Amino acid sequence: RLFAMARQYDLYLKLTIDVELIDAEAAELLRMEEPKVRDRVTLLLSGKGYADLFTYEGRLILKDEIVDRLNQILEDKLVLQVCFTEMVIKYFKSK
């Protein structure tokens with residue numbers, strides 16, 4: 001289970017994800033790389049805007065992008081999918 005937060009201008013996002021991996025060895029590799037994982041996911045989220053997060057299609061794209069980032073870190077196709085187990089989005093209207 002991974003947790004990341006991002007704040008961009010007038011958008012706050014808290015995301016908790018479960019990661020489905022190919023095997024237990026991949027899970028151990030992911031645990032060892034957790035600081036990198038949090039960094040890459042946070043960087044990815046900080047580049048997202050309202051339209052990227054508030055649509056079903058945008059969320060599916062985000063899931064695919066997270067899988068790609070994690071597989072880049074692990075240098076192999078070890079991540080099968082990610083599931084959003086918690087997503088809190090707060091949108092602040094500009095004054």
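1. Overview of the packing of helix 2 (residues 34-46) against helix 4 (residues 56-74)
Item 1. Packing of helix 2 against helix 4 leaves a shortest axis separation of 10 Å and a crossing angle of 145°. In this structure, helix 2 crosses over helix 4, and the sense of that crossing is right-handed. Here K36, V37, R40, V41, L44 and L45 of helix 2 lie close against helix 4, whose contacting residues are L62, E65, I66, R69, L70 and I73.
Item 2. Partitioned by chemical class, the residues of the contact of helix 2 with helix 4 number eight nonpolar, no polar and four charged.

2. Quick word on the packing of aromatic side chains
Item 1. Under the defined criterion, the tally for this structure stands at zero aromatic pairs.
Item 2. Lying over the aromatic face of F84, K63 brings its terminal NZ or CZ to 5.6 Å of the ring centre.

3. A short note on helix 1 (residues 24-32)
Item 1. Here helix 1 has its buried residues at A26, A27 and L30. Looking straight down helix 1, one finds that the buried residues subtend no more than 105° of arc, so they occupy a single side. For helix 1, the exposed residues lying more than 90 degrees away from the buried face are A24, E25, R31 and M32.
Item 2. Residues of helix 1 that are buried make contact with strand 2 (11-21), helix 2 and helix 4.
Item 3. The opening residue of helix 1 is D23, an N-cap whose side-chain oxygen sits 3.2 Å from the backbone nitrogen of E25.

Conventions used here
Residues numbered from 1 in each chain as written. Predicted model: local features only at pLDDT ≥ 70, side-chain atom pairs only at ≥ 80, totals over all residues. Heavy atoms only, no water. Axes fitted to C-alpha atoms, helices over the stretch in contact; angles between N-to-C directions. Helix = DSSP H or I, 4+ residues; strand = E, 2+ residues; numbered from the N terminus. Left-handed = near helix turned anticlockwise from the far one by under 90°. Contact = heavy atoms within 4.5 Å. Nonpolar A, V, L, I, M, F, W, Y, C, P; charged D, E, K, R; others polar. Phe/Tyr/Trp six-rings, centres within 6.5 Å; stacked < 30°, edge-to-face > 60°. Lys NZ or Arg CZ within 6 Å of the ring centre and 35° of its normal. Buried < 20%, exposed > 50% of the residue type's maximum accessible area, 1.4 Å probe, protein only. Arc of directions from axis to C-beta. Polar contact = N/O pair within 3.5 Å; in protein donor to acceptor, adjacent residues only side chain to side chain.

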